Amino acid sequence: MQTRNITFTVNGKEVSVNVDVRESLLEVLRNRLHLTGTKKGCEVGECGACTVIINGETVDSCIYLAIWADGKEIRTIEGEEKNGNLSRIQQAFVDEGAIQCGFCTPGFVMSATVLVESGEKLSREEIKKGMAGNLCRCTGYQNIVRAVEKVMEENLQAK
Amino acid sequence: MHTVGTKVQRVDAVAKVRGQAKYVDDLSTENMLVAKVFRSTVANGWVKSIDVSKAKALPGVELVVTYEDVPRIPFTTAGHPWSLDPEKQDVADRLLLTQRIRFYGDEIAAVVAVDELTAKKALELIEVEYEEYEPILTVEDALKEGATELHEGTGNILKKTEWQVGDLEAAFAKADCVFEDEFVTSRVQHCHLENQISFAYQESDGRIVVVSSTQIPHIVRRVVAQALGIPWGKVKVIKPYIGGGFGNRQDVVQEPLNAFLATLTGGRPVKLEYSREENFTTTRTRHPIHFKIRTGVMKDGTIVARDLEAISPIGGYASHGHAIVANAGTKYRSLYSQEAIRYKGTTVYTTTPVTGAMRAYGIPQVKFALESHIEDIARAIGMDPIAFREKNLVKEGWVDPISGNRVNSNGIRECIKRGRELIRWDEKKAQLKNQTGPKRRGLGMACFSYNSGTYPLFEIAGARIVLNQDGSVQLQIGATEIGQGADTTLGQIAAEAMGIPFDKVHVISTQDTDVTPFDTGAYASRQTYVSGMAVKKAGEEVKAKILERAHRMTDIPLQALDVVNGWVVWAHSGEQVMSVEEVAMDSYYNELTAAPITADVSNNCRVNSFSFGCTFVEVEVDMPLGKVEILEIYNVHDSGKIVNPLLAEGQVHGGVSMGIGYALSEQLLLDQKTGRPLNGNLLDYKLGTIMDTPDIGVAFVETYEPTGPFGAKALGEPPAITPAPAIRNAILDATGVKFNELPMNPQRLVEKFKAAGLI
Ligand code: FES
Ligand code: FES
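Residues numbered from 1 in each chain as written. Chains lettered and ligands numbered in written order. Predicted model: local features only at pLDDT ≥ 70, side-chain atom pairs only at ≥ 80, totals over all residues. Heavy atoms only, no water.

Before going further, it helps to spend a moment on the overall build of chain A. Scanning chain A from terminus to terminus reveals five helices and five strands. Along chain A, helices (α) and strands (β) appear in the sequence β-β-α-β-β-β-α-α-α-α when read from the amino end. For 159 residues, the compact-globule formula gives about 15 Å, and the C-alpha radius of gyration of chain A, at 16 Å, lands near that figure. Expressed along its principal axes, the backbone C-alpha trace of chain A runs to roughly 50 × 30 × 25 Å. Counting across all 159 residues of chain A, residues that qualify as buried make up 59%. A total of about 6600 Å² of accessible surface is found on chain A, and carbon and sulfur atoms cover 46% of it. (Helix = DSSP H or I, 4+ residues; strand = E, 2+ residues; numbered from the N terminus. Rg over C-alpha atoms; globule rule 2.2 N^0.38 Å. Buried < 20%, exposed > 50% of the residue type's maximum accessible area, 1.4 Å probe, protein only. Areas by Shrake-Rupley, 256 points an atom, 1.4 Å probe, with all protein chains shown as cover.)

Given below as structure tokens:
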């Protein structure tokens with residue numbers, strides 16, 4: 001087993017871990033850092049349950065080797081709540097009924113976060129495109145789209 | 001202030017959106033051993049020899065077991081309540097591991113290793129020699145002369161059901177016209193986002209603990225004990241949050257093997273997690289069913305005779321097998337009335353993935369056949385398809401002649417009216433006449449009826465409430481939260497029954513069979529109706545005890561008191577007498593009379609109710625491309641009183657999207673030569689993405705069901721039933737072409753449009 005020391009920031013905190021070079025970022029987050037909010041639905045990049053944000057972009061962490069994360073900035077679901085307040089997109093998921101079994105939720109929240117933080121006003125089609133890598137079997141996606149649209153509208157009004 | 005009927009926030013929403021809700025794998029620990037199953041790479045045959053010595057020798061491998069090492073106790077995995085009547089028990093036709101291979105991926109051996117990678121490597125080192133037979137992929141193959149028997153003495157037939165009501169021959173003889181047709185539905189999979197997973201360990205006293213993503217913890221406990229041949233009390237099952245179920249987890253798929261392995265590791269926990277590919281092809285699938293249907297109709301559109309035959313290849317093991325095909329017959333009976341009706345259902349063993357419960361338990365299949373056929377008849381006799389249905393739909397007061405279940409509330413006609421308005425049916429129908437060209441639009445609809453729970457089959461549900469010092473309560477329920485929102489709706493029912501605010505109800509979501517009240521679990525859309533009755537009773541008992549104590553504390557006559565919004569009040573004026581908290585404190589600490597207030601209720605539900613609803617859809621069919629675009633789709637439901645409109649709407653969204661996938665794209669394909677699954681992964685299976693899913697309109701026609709808690713009836717499964725036939729009927733409306741086989745994917749569409757000379 002070949003290992004390597006890597007250092008990256010997770011949710012604003014720097015961490016160093018010794019990882020097996022074959023390990024995925026998902027495995028390191030879940031098994032070593034105990035950040036189990038990021039889920040695993042397929043392990044081959046098909047479902048988006050493992051979505052995290054790396055240097056501002058969404059990535060399926062199951063097909064992203066942990067060693068590639070060296071020196072990068074990573075955001076996971078655990079870091080989205082600040083000072084006991086849900087992020088606005090998290091709150092919108094709650095308010096709009098976008099959560100059922102909840103297994104896809106962390107991944108969707110991360111994808112949605114990148115979309116709403118882009119500051120752009122996206123059409124429904126563009127929102128859907130931005131989340132096309134995340135699967136949900138429970139909600140029919142309706143209220144997820146509604147939650148993202150709601151935050152985008154609020155953003156526009158605030159401008 | 002009412003709680004039932006309001007959009008209270010789901011009790012688990014914040015935990016889930018923060019990533020804090022714990023699912024099975026989130027509770028596992030690093031030092032756990034990892035188990036993997038060694039599966040057959042043939043569909044039909046025997047293991048002639050197996051050599052596990054190399055796997056055993058691999059460093060890091062703790063254990064390798066084969067079919068030679070497991071108890072010789074046949075068991076069933078079907079998640080039904082146990083029956084004391086041996087005649088009614090499920091067919092026990094499998095062992096933990098098998099030498100006889102009955103489908104591609106059957107379970108021959110298992111390895112336990114220090115980590116996943118080592119376990120996977122060990123699987124590759126197992127050597128096996130098969131005696132191979134022809135795969136049996138269809139009913140015809142299974143029943144032909146000389147076919148190998150999958151289970152000895154069965155002739156490959158699991159079971160046959162037949163019933164008849166009325167004089168069928170006379171009714172058909174009297175009919176002005178008789179219509180016959182055939183319909184075929186496809187093999188699909190639940191695709192809950194969290195794969196099948198459990199871990200198990202043995203405690204020092206020998207008891208086995210299984211932590212599992214299940215819908216039915218109390219049934220898992222029983223089945224594990226039966227499969228291992230140990231007393232039921234020796235098993236404890238814990239169910240944390242789970243990532244969806246849709247019926248797949250109403251089957252005890254991997255827990256018995258997991259528990260067995262845990263007995264061999266000296267107390268070390270063992271995790272058994274299926275890959276997505278295993279989840280697709282070696283858990284359960286929805287029954288493909290072939291229907292032959294025949295209906296006799298009078299000139300004025302009155303249906304007089306109905307006859308249906310269903311036959312289904314159920315896979316290598318019985319599991320829920322026949323119950324689903326039998327249920328298709330039961331629900332076939334309960335939408336339209338007639339003079340005589342007959343049903344014949346047959347289930348056949350085949351070397352295909354095992355079938356089991358999936359959202360609406362045989363009804364998406366039978367309603368596809370029925371509602372397509374009804375549409376065709378209406379068109380053939382020149383009657384408006386909606387008017388034809390309305391003429392024959394069952395009415396309030398209708399009693400099912402076999403089950404005895406009665407229609408007490410029926411909003412189907414109102415549902416149809418609403419759907420028709422929402423989609424602007426009449427206006428569009430007029431516009432859509434005389435279309436030409438490669439793209440055509442069409443309108444379709446379909447209706448369903450459904451039951452709330454399984455009565456007259458056995459129903460039992462449990463609820464326990466403990467009043468805390470501060471006037472809040474813990475609510476423990478045996479019904480399981482699987483994403484559908486049961487914790488929240490049952491919490492609402494409890495709050496309403498007690499007269500306390502919803503935020504004073506702490507719902508205990510994690511199930512633990514040692515302490516969770518006995519209940520058979522989450523299936524059959526039974527939670528709100530059946531488990532809700534138990535919760536309501538428990539709430540009423542707590543309220544009665546609060547009032548009794550308040551009466552003793554104040555001397556105000558009992559009948560003059562009520563509990564409203566967390567206060568004991570004068571019933572006539574609403575004037576506050578004392579808070580529930582004050583009563584609770586007295587119940588805990590009154591030195592003379594202390595007796596904390598609790599209720600522990602079990603409800604043996606001996607009633608059922610019918611839910612109704614319909615789908616209305618408008619499609620645009622691009623004939624050269626074989627593409628169907630859904631322009632508008634509405635589901636309208638009569639589920640009685642809606643306990644939580646936001647959650648209810650979410651159930652409909654999810655069910656309709658599943659129904660759309662069933663209609664247009666989803667199908668688990670098998671190689672026709674070998675029986676090997678071809679597309680058992682999320683990329684090739686064509687699960688609808690957010691891009692594929694149209695806007696879904698939802699409406700409720702709220703009736704009041706007198707037998708249900710606060711008027712509620714079933715909702716969870718029904719939304720998945722009618723999208724497929726409604727879409728089929730809309731494609732027919734657009735193109736004049738009848739599709740009698742699911743899914744209606746581009747390949748099939750193009751073939752048929754070509755044959756019809758349309759392209
Ligand atoms: S677990 Fe990473 S995409 Fe499915
Ligand atoms: S909420 Fe269950 S998969 Fe999305």
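Right, let's talk about the overall build of chain B for a bit. The number of helices and strands found in chain B is 20 helices and 27 strands. Here chain B has a C-alpha radius of gyration of 27 Å; the compact-globule value for 759 residues is 27 Å, and the two agree. Sorting the 759 residues of chain B into buried and exposed places 64% on the buried side. A separation threshold of at least 6 residues defines the contact pool for chain B, and within that pool the share at least 24 residues apart is 80%. For chain B, the accessible area works out to roughly 26400 Å², and carbon and sulfur atoms hold 50% of it. (Contact = heavy atoms within 4.5 Å.)

Residues and elements named next belong to chain B. Looking at the secondary structure, you find Asp-487 in helix H15 (residues 486–498). The exposure class assigned to Asp-487 is buried, which follows from its relative accessible area of 0%. For Asp-487 and Ala-560, which are 73 residues apart along the polypeptide, the C-alpha to C-alpha distance reads 33 Å. Sequence-distant contacts of Asp-487, defined by excluding residues within four places in its chain, comprise Val-11, Ile-477, Glu-481, Val-507 and Ser-509.

Here the focus is the environment of A:Leu115. Residue and element names in this part refer to chain A. You can see Leu-115 is positioned in helix H3 (residues 105–117). Relative accessible area serves as the criterion here: at 11%, Leu-115 is assigned to the buried category. It is 9.8 Å that separates the C-alpha atoms of Leu-115 and Glu-57, two residues lying 58 residues apart in sequence. Leaving out residues up to four positions away in the same chain, Leu-115 has contacts with Leu-122, Ile-127, Gly-130, Met-131 and Met-152.

Residue and element names in this part refer to chain B. Look at helix H19 (residues 723–735): 18 Å from first C-alpha to last across 13 residues, which is about the 18 Å you get at 1.5 Å a residue. Burial analysis of H19 places twelve of its 13 residues in the buried class, which makes it a mostly covered element. Of the residues making up H19, those classed as buried are Pro-723, Ala-724, Pro-725, Ala-726, Ile-727, Arg-728, Asn-729, Ala-730, Ile-731, Leu-732, Ala-734 and Thr-735. At the C-terminal side of H19, Gly-736 shows a positive phi close to 80°. (Expected span 1.5 Å × (residues − 1).)

Residue and element names in this part refer to chain A. Packing of helix H2 (residues 88–95) against helix H5 (residues 142–158) leaves a shortest axis separation of 8 Å and a crossing angle of 135°. As the angle between them shows, H2 and H5 are arranged oblique. Crossing angle aside, the handedness with which H2 passes H5 is right-handed. In contact with Arg-88, Ile-89, Ala-92, Phe-93 and Asp-95 of H2, H5 contributes Ile-144, Ala-147, Val-148, Lys-150, Val-151, Glu-154 and Asn-155. Of the residues contributing to the contact of H2 with H5, the split by class is seven nonpolar, one polar and four charged. (Axes fitted to C-alpha atoms, helices over the stretch in contact; angles between N-to-C directions. Parallel < 35°, antiparallel > 145°, perpendicular 65-115°, else oblique. Left-handed = near helix turned anticlockwise from the far one by under 90°. Nonpolar A, V, L, I, M, F, W, Y, C, P; charged D, E, K, R; others polar.)

This part is about the domain arrangement of chain A. All names here are of chain A. Partitioning chain A into domains gives domain 1 (3–79) and domain 2 (88–158). Between the C-alpha centres of domain 1 and domain 2 the distance comes to 22 Å. In this complex, domain 1 contributes 16 residues to the contact, which on the side of domain 2 involves 13 residues. Summed over both partners, the interface of domain 1 with domain 2 comes to about 1200 Å²; 63% of that surface belongs to carbon and sulfur atoms. Applying the counting rule to domain 1 against domain 2 returns one salt bridge. The closest approach of N and O atoms between Arg-75 and Glu-117, which form a salt bridge, is 2.9 Å. Counting the contacts that link domain 1 with domain 2 gives five residue pairs in polar contact (both at pLDDT 80 or more). Class assignment for the residues of the side of domain 1 that touches domain 2 results in five nonpolar, seven polar and four charged. (Domains from an automatic or database assignment. Buried area = accessible area lost by both parts, 1.4 Å probe. Salt bridge = Lys/Arg side-chain N within 4 Å of Asp/Glu carboxyl O. Polar contact = N/O pair within 3.5 Å; in protein donor to acceptor, adjacent residues only side chain to side chain.)

Turning our attention to unusual backbone geometry. In this model, B:Tyr455 is joined to B:Pro456 through a cis peptide bond whose omega is 15°. Note on placement: B:Pro456 falls in the loop between strand S16 (439–451) and strand S17 (461–467). In this structure, B:Pro743 follows B:Leu742 across a cis peptide bond, with omega equal to -10°. In this structure, B:Pro743 sits in the loop between H19 and helix H20 (746–755). Phi angles above zero are rare outside glycine, and A:Asn83 is one such case at about 50°. Within the element layout of this structure, A:Asn83 appears in the loop between strand S5 (73–75) and H2.

In this complex, chain B contributes 52 residues to the contact, which on the side of chain A involves 50 residues. Both sides of the chain B and chain A interface together cover about 4100 Å² of buried area, and 55% of this is carbon and sulfur. Area buried by chain B at its contact with chain A is led by B:Val17, B:Leu193 and B:Ile690, which between them contribute 20% of it. For the pair chain B and chain A, the interface holds eight salt bridges. Notably, a salt bridge pairs A:Arg30 with B:Asp26, separated by 2.6 Å at the nearest N-O pair. The interface formed by chain B and chain A contains 26 residue pairs in polar contact (both at pLDDT 80 or more).

Time to look at the side chain of B:Gln196. Within the fold, B:Gln196 resides in the loop between strand S8 (177–184) and strand S9 (197–202). Apart from the residues lying within four places of it in its own chain, the contact partners of B:Gln196 are B:Ser213, B:Asn248, B:Arg249, B:Val253, B:Gln254, B:Leu272, B:Glu273, B:Tyr274, B:Asn279 and B:Thr283.

A word on H3(A). Residue and element names in this part refer to chain A. An ideal rise of 1.5 Å per residue puts 18 Å on 13 residues; H3 measures up with 18 Å between its terminal C-alpha atoms. Counting buried positions along H3 gives eleven out of 13 residues, so the element sits mostly inside the fold. For H3, the complete set of buried residues consists of Thr-105, Pro-106, Gly-107, Phe-108, Val-109, Met-110, Ser-111, Ala-112, Thr-113, Leu-115 and Val-116. A positive backbone phi angle near 75° is found at Gly-119, which sits one or two residues after H3.

Attention now goes to the nonpolar core. In terms of nonpolar packing, the biggest core is built from 136 residues, with A:Phe93 and B:Ile727 touching the most fellow members. Core analysis: the next-biggest nonpolar cluster, separate from the first, contains 56 residues, B:Tyr67, B:Val235, B:Val270 and B:Tyr523 among them. (Core = buried A, V, L, I, M, F, W, Y, C linked by side-chain atoms within 4.5 Å.)

Residues and elements named next belong to chain B. What the domain assignment reports for chain B is domain 1 (13–17 + 460–604), domain 2 (31–133 + 196–273) and domain 3 (290–454 + 607–755). If you average the C-alpha positions of domain 1 and of domain 3, the two centres end up 38 Å apart. Taken residue by residue, the interface counts 19 residues in domain 1 and 24 residues in domain 3. With both sides pooled, the region where domain 1 packs onto domain 3 buries about 1500 Å², and carbon together with sulfur makes up 69% of that total. For domain 1, the biggest contributors to the area lost against domain 3 are Ala-524, Ser-525 and Tyr-529; these three give 43% of the whole. The tally of links between domain 1 and domain 3 comes to seven residue pairs in polar contact (both at pLDDT 80 or more). Listing elements by their share of the side of domain 1 that touches domain 3, those giving two or more residues are H15 and helix H16 (527–554). In the side of domain 1 that touches domain 3, the residues fall into seven nonpolar, nine polar and three charged.

This brings us to the sheet that holds strand S26 (residues 627–638) of chain B. All names here are of chain B. Here four strands make up an open sheet; going across it, the order is S16-S25-S26-S27 and the pairing mixed. In this open sheet, the two edge strands, each paired with only one partner strand, are S16 and strand S27 (697–700). Across the sheet, the mean angle separating the axes of adjacent strands is 15° when strand polarity is ignored. Bridge count for strand S25 (residues 610–622) against S26 is eleven bridges, and the pairing is antiparallel. When the bridges of S26 are listed, Phe-616 appears paired with Tyr-634. Taken strand by strand, helix H18 (residues 645–664) contacts S26 and S27, and its axis lies near 140° from that of S26. (Pairing = 2+ DSSP bridges.)

On to the side chain of A:Ser61. Residue and element names in this part refer to chain A. Considering the arrangement of structural elements, one finds Ser-61 in the loop between strand S4 (57–60) and S5. Of note is the side chain of Ser-61, whose polar atom sits 2.7 Å from the backbone oxygen of Cys-50. When near neighbours in sequence (up to four residues on either side) are disregarded, Ser-61 contacts Ser-24, Leu-25, Leu-26, Thr-38, Cys-50 and Val-52.

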